[in-house]
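# Per-entry structural report
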Amino acid sequence: MLFLTIVLLGAIVLGILFLIPGFTFSIKDKQGNDVSQSIASLEKVNLGGQEQWILIRGVDITKPIILFLHGGPGTSNMCLLRKYTDELEQHFIVVTWDQRGAGKSYQAINPHSSMTIDRFVLDTGELTQFLCHRFNQKKIFLVGHSWGSLIGILSIQKYPDLYHAYIGIGQIVNMHENEQISYGWTLAQATTAEDKRAIRTLTEIGNPPYTGDGQKKLMTQRRLLGKYGGELYGSSSGAFPLIFSSLISATEYTFFDKMNFFKGIFASNHLLWQELLTMNLNKQMLSFEVPIYFALGRHDYEAPSILAEQYFNIIEAPKKEIIWFENSAHFANIEENKKFDDLLTNRILPTIALV
């Protein structure tokens, strides 16, 4: 009887979890009342023939729009950013998007032939135009993180008339060199620490590009990178605990979404990684019509900031600026959240003639 009771209770709990829909909390004033001009909406949009999910939040629907492009490929940041955008929601309509194959948009991974960098850029353009039409604005601000920074750069090149400014975090430039530097730094840290197990593991997987089970070897290298603070500065666990805790507590994700979060990471990497390795912005993206800001973590060795700095020095743009986050690695906007908010609201926003 005890066993049957436990099984029954477990089935009931799972049933409840399956049935709870995703939702986002409304924006309230200090008295606990909904703010009349605010928006807090979790919704589907059709991009490139596939339904994909966006989260829109802001205290005033007349404010300028800012769209965040997440990293990965396939690593949604809807849940993580939701915990860090309260201040930005005072000044912008903040839009976070689960790209095809990621998180709530996992089902849009099909057909697999659509999982190309060009298609992600087209999706970005379609979403931007949708947002401009929805809120009666001509341009938006675009933020790209890691993989999203590659899509961001390609998007402002293709659609310059749609963007006020671009902000790159953990900016990707040359993926082949990116992986060489990331691996070399991780091995150097292990050597300095006399971490024989890590040295042995890194030596066994070999220098990138990896052969055999490349995805497993990449994940191994990233885990050790996180151990030495090259992903999240000052952490020996990397960003995974931060991401996982935000995922578990997120109301925007259903039980199935949370399972698809991990499936999306592995499947998207599998489909996009080889194309990503061919990307080198130094050879194709040097002149822009949009102001460019790089928010770089000084200790970032997942997307080594030295490569972004070198790239920054050779590009041309109406305005360009590097802002160094001295106590950050790959997640500058999270690790030094107040500084990032100040950058957007008090330094970038006032310089843009909004139309």
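The structure displayed is predicted, hence computed values, not measured ones.

Right, let's get into the environment of Glu89. Turning to its location among the elements, Glu89 is positioned in the loop between α2 (78–82) and β4 (93–98). For the pair formed by Glu89 and Ala40, sequence separation is 49 residues and the distance between their alpha carbons is 10.0 Å. Within the local environment of Glu89, its side chain forms a polar contact with the side chain of Arg57, the two groups lying 3.0 Å apart.

We now examine the side chain of Asn174. By the element assignment, Asn174 lies in the loop between β6 (163–169) and α5 (175–192). A polar side-chain atom of Asn174 sits 3.2 Å from the main-chain amide nitrogen of His176. Contacts of Asn174, omitting those with residues within four sequence positions, involve Met279, Asn280, Asn282 and Leu307.

Time to look at the confidence of the model for the protein chain. Of the residues in the protein chain, 94% have a pLDDT of 70 or more, and the chain-wide mean is 93. Note on residues 7–17: pLDDT is under 50 here. Beyond four places in sequence and across chains, it has 2 contacts.

Attention now goes to the packing of aromatic side chains. The description of two aromatic rings rests on the distance between their centres and on the angle between their planes. Under the counting rule described, the total for this entry stands at 11 aromatic pairs. Ring geometry for Phe240 against Phe262: centres 6.4 Å apart, planes inclined by 45°, an arrangement best described as tilted. Taken together, the positions of Phe240 in helix α8 (residues 240–249) and Phe262 in helix α9 (residues 255–277) put the pair 22 residues apart, joining distant regions of the chain. When the centroid spacing of 6.3 Å and the interplanar angle of 75° are considered together, the rings of Phe255 and Phe256 count as edge-to-face. A connected cluster of aromatic rings, assembled from ring pairs, spans Phe240, Phe244, Phe261 and Phe262. Its guanidinium or amino end placed over the ring of Trp324, Arg298 lies 3.9 Å from that ring's centre, counting from NZ or CZ.

Let us now look at the nonpolar core. Counting residues in each nonpolar core, the largest one holds 65 residues, and the members touching the most others are Ile156, Phe294 and Tyr311. Core analysis: the next-biggest nonpolar cluster, separate from the first, contains 37 residues, Val143, Ala165, Leu232 and Ile352 among them.

A word on the pairing of strand β8 (residues 320–325). Of the strand pairs in this sheet, strand β7 (residues 292–297) and β8 are connected by 6 bridges, and their pairing is parallel. Residue Gly297 lies in a different strand from β8, and its bridge partner there is Phe325. Between the parallel pair β7 and β8, the chain is carried across by helix α10 (residues 305–314), and the sense of this crossover is right-handed.

Strand order across the open sheet formed by 8 strands is β1-β2-β4-β3-β5-β6-β7-β8, with mixed pairing between neighbours. Sheet topology places β1 (39–47) and β8 at the edges, where each strand pairs with a single neighbour. Within this sheet the neighbouring strands show an average axis-to-axis angle of 20°, counted without direction. Pairing of strand β3 (residues 65–69) with strand β5 (residues 140–145), which is carried by 4 bridges, proceeds in the parallel orientation. When the bridges of β5 are listed, Phe68 appears paired with Val143.

Criteria and cut-off values
- Position numbers for residues count from 1 along each chain, tracking the sequence in the order it is written.
- Totals for whole chains, interfaces and linings use every residue, but because this is a predicted model, local features are given only for residues with pLDDT of at least 70 and side-chain atom pairs only at 80 or more, for both listing and counting.
- Remark: hydrogens and water are excluded; side-chain values derive from all non-hydrogen atoms of the structure.
- Helical segments are the DSSP runs of H or I of at least four residues, strand segments are the runs of E of at least two, and each set is numbered from the N terminus.
- Side-chain atoms alone can form a polar contact between residues adjacent in sequence; in general such a contact is a pair of N or O atoms within 3.5 Å, and within protein one must be able to donate a hydrogen while the other accepts it.
- Contacts are residue-level and defined by heavy atoms, with any inter-residue pair within 4.5 Å sufficient.
- A residue's pLDDT is simply how confident the predictor is in it, with values from 0 to 100.
- Pairing of aromatic side chains here covers Phe, Tyr and the six-membered ring of Trp, requires ring centres within 6.5 Å, and sorts the geometry by plane angle: under 30 degrees stacked, over 60 edge-to-face, intermediate tilted.
- Note on criteria: charge over ring means Lys NZ or Arg CZ within 6 Å of the ring centre, with the direction from the centre no more than 35 degrees off the ring normal.
- By nonpolar core we mean a set of buried residues, namely Ala, Val, Leu, Ile, Met, Phe, Trp, Tyr and Cys, connected to one another through side-chain atoms within 4.5 Å.
- Categorising residues by exposure relies on relative accessible area from a 1.4 Å probe, with only protein chains included: less than 20% of the type maximum marks a residue as buried, more than 50% marks it as exposed, and the intermediate range marks it as partly exposed.
- Whether two strands pair comes down to DSSP finding at least two bridges between them.
- Here is how to tell: hold the view so the strands point away, follow the path from the first strand over the helix to the second, and if it runs clockwise the crossover is right-handed.
- Only the stretch in contact is used when a helix axis is fitted, and all axes are lines through C-alpha atoms; the angle between N-to-C directions ranges over 0 to 180 degrees.

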